[in-house]
Amino acid sequence: MRASALSCEMIGEILDSAPVPQPQKATPTVFRLLKPAESALSLDLASLGEAHDLIRMLDAEGYRKPT
């Protein structure tokens, strides 16, 4: 409920102020794609959270699909 209320407040502020996008100043970091063997889930993961993070990353928009 709290996050929902904060989100509504943020949306209102964004609509009212119409911020202009700013280019990032830092040097981008490029990460290599995982190899298919590195994408496999393992029972050796430290926690369910770690498994969730791996699945979430592999399912991200724009991430190459396994072949």
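Provided above is the structure to which this section pertains.
Attention in this report is confined to the structure presented alongside it. (Residues numbered from 1 in each chain as written. Predicted model: local features only at pLDDT ≥ 70, side-chain atom pairs only at ≥ 80, totals over all residues. Heavy atoms only, no water.)

Points about the overall build of the protein chain
Phase 1: A count of helical and extended segments in the protein chain gives three helices and zero strands.
Phase 2: Secondary structure of the protein chain in N-to-C order comes out as α-α-α.
Phase 3: Considering the protein chain as a whole, with its 67 residues, one finds that 6% of them fall into the buried category.
Phase 4: If you sum the accessible surface of the protein chain, you get close to 6,600 Å²; carbon and sulfur atoms cover 63% of it. (Helix = DSSP H or I, 4+ residues; strand = E, 2+ residues; numbered from the N terminus. Buried < 20%, exposed > 50% of the residue type's maximum accessible area, 1.4 Å probe, protein only. Areas by Shrake-Rupley, 256 points an atom, 1.4 Å probe, with all protein chains shown as cover.)

A short note on the environment of L54
Phase 1: By secondary structure assignment, the location of L54 is in helix α3 (residues 48-58).
Phase 2: Linking L54 and E38, residues 16 residues apart in sequence, is a C-alpha distance of 10.0 Å.

Describing unusual backbone geometry
Phase 1: We note that A18 has phi near 45°; this positive angle belongs to a residue other than glycine.
Phase 2: Turning to its location among the elements, A18 is positioned in the loop between α1 (2-17) and α2 (36-39).

Digging into α1
Phase 1: The terminal C-alpha atoms of α1, which comprises 16 residues, lie 23 Å apart, in line with the 22 Å expected from a rise of 1.5 Å per residue.
Phase 2: Just beyond α1, the residue with positive phi is A18, at close to 45°. (Expected span 1.5 Å × (residues − 1).)

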